[in-house]
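Take a look at the letters that make up each chain.
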Amino acid sequence: MRLDTLRERLLALGARPKHTARVLRLWSQALPQDSGRRKLESFMPATLRDALPALSAQLAGLATLISAHPASDGSSRLLVGLSDGQTVESVLLPRDGLCVSSQVGCAVACVFCMTGKSGLIRQLTGGEMVAQVALARQMRTVKKVVFMGMGEPAHNLDNVMQAIELLGTVGNIGHKNLVFSTVGDERVFSQLLQGPVKPALALSLHTTRADLRVKLLPKAPRLSPEDLVEMGEAYARATGYPIQYQWTLLEGINDSDEEIEGIVRLLHGKYALMNMIPYNAVDDLPYQRPSWERAAQIARSLHQRGILTKLRQSAGQDVDGGCGQLRARALGGIVSSTQPESTAIQWQSQAVMKATHV
């Protein structure tokens with residue numbers, strides 16, 4: 001269900017703008033449609049009121065929980081069923097965060113990512129993205145939503161922007177707590193600034209070498225790391241939110257001293273945060289994570305050179321450890337309703353390494 005289609009349906013049922021806003025607010029915040037002290041009969045058109053039970057059931061069916069995989073730090077990976085039988089992943093994050101998917105599969109084909117191995121199967125609608133939030137809010141408080149799950153949000157820009165607008169208004173999520181993650185698409189840097197809700201931006205960098213970036217992200221736009229950072233900096237200054245640069249550490253590929261120098265060259269003085277994430281091993285892929293000691297050394301070196309850096313350790317090393325692997329297990333028919341902590345993703349965030357930052 002597209003969000004504009006939902007609004008048209010509500011209008012056809014006699015909803016005025018205040019009624020539409022109320023229905024969307026209660027749905028996105030996982031509250032019953034008859035919430036509040038006033039009886040619906042006192043202010044809502046009968047046609048809309050009579051349609052609410054069936055509409056609520058349809059909205060609830062947009063995203064349903066198939067399995068939950070909790071971790072000791074408070075995070076939990078969710079396998080979510082869609083109304084057509086497809087599945088995606090959401091992740092409940094510590095400190096009231098939620099990671100949602102924007103596509104089934106992905107066309108970018110990052111060589112180290114399980115999601116990209118299936119290619120793009122279909123786009124998610126804005127309704128299906130908001131439904132992931134509503135589902136998560138049935139389990140716990142959600143105050144931050146990051147579009148970092150399965151898919152490339154820039155390849156589904158209209159639907160993602162509809163979801164962001166709803167969540168940033170009636171969905172009660174602060175604008176800087178809505179994070180749009182992308183490998184880089186020139187449309188993003190202008191279009192995200194045009195909407196009423198301007199999200200924070202996370203850019204997948206992964207390397208400072210243009211030739212290596214083409215190999216790691218073969219179907220990403222041909223933007224050089226330098227161009228990507230310059231466009232990111234302009235967006236950061238326009239919104240007042242630092243850019244979050246994503247870097248998946250791959251042993252022997254992008255963990256060299258040369259890359260450290262490249263990061264310093266690109267990001268020194270920029271309004272930015274570097275997220276270093278040691279790779280989670282995937283069956284049948286030839287990549288490994290560097291040792292934790294090496295990862296910590298890289299982060300420490302960047303910190304000492306004035307780059308604000310956060311080092312994240314993703315401890316789950318089984319096939320559920322990285323995005324897309326839980327869905328792959330489901331397609332293989334081997335996912336149970338819950339899994340023990342030892343086989344669930346565990347995210348342990350190191351404290352932000354404070355540095356002098358312009």
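Residues numbered from 1 in each chain as written. Predicted model: local features only at pLDDT ≥ 70, side-chain atom pairs only at ≥ 80, totals over all residues. Heavy atoms only, no water.

## Re the environment of T5
- Tracing the chain through its elements places T5 in helix α1 (residues 3–12).
- Look at T5 and you get partly exposed, because its relative accessible area is 41%.
- It is 9.4 Å that separates the C-alpha atoms of T5 and G127, two residues lying 122 residues apart in sequence. (Helix = DSSP H or I, 4+ residues; strand = E, 2+ residues; numbered from the N terminus. Buried < 20%, exposed > 50% of the residue type's maximum accessible area, 1.4 Å probe, protein only.)

## Focus on the pairing of strand β9 (residues 200–204)
- Burial within β9 is extensive, with five of its five residues counted as buried.
- Covered by surrounding structure in β9 are A200, A202 and S204 together with L201 and L203, the residues of both alternating faces.
- Where strand β8 (residues 178–182) lies against β9, four bridges are found, and the strand directions are parallel. Within the sheet, the bridge partner assigned to S181 lies in β9 and is A202.
- In this fold, β8 hands off to helix α6 (residues 186–191), which returns the chain to β9; that crossover is right-handed.
- Of the strand pairs in this sheet, β9 and strand β10 (residues 243–249) are connected by three bridges, and their pairing is parallel. Within β10, the residue paired with A202 across the bridge is Q244. (Pairing = 2+ DSSP bridges. Right-handed = clockwise from strand over helix to strand, strands pointing away.)

## Observations concerning the nonpolar core
- The biggest cluster of nonpolar side chains holds 82 residues, and the ones touching the most others in it are W27, F147 and M274.
- Here F147 is in contact with V100, M129, P153, V160, A163, I164, L167, L178, V179, F180 and S181, once residues within four sequence places are set aside.
- Of all hydrophobic cores here, the second largest spans 15 residues; its members include M114, V183, L216 and A220. (Core = buried A, V, L, I, M, F, W, Y, C linked by side-chain atoms within 4.5 Å. Contact = heavy atoms within 4.5 Å.)

Read these as layout, nothing more, since geometry by itself doesn't imply function.
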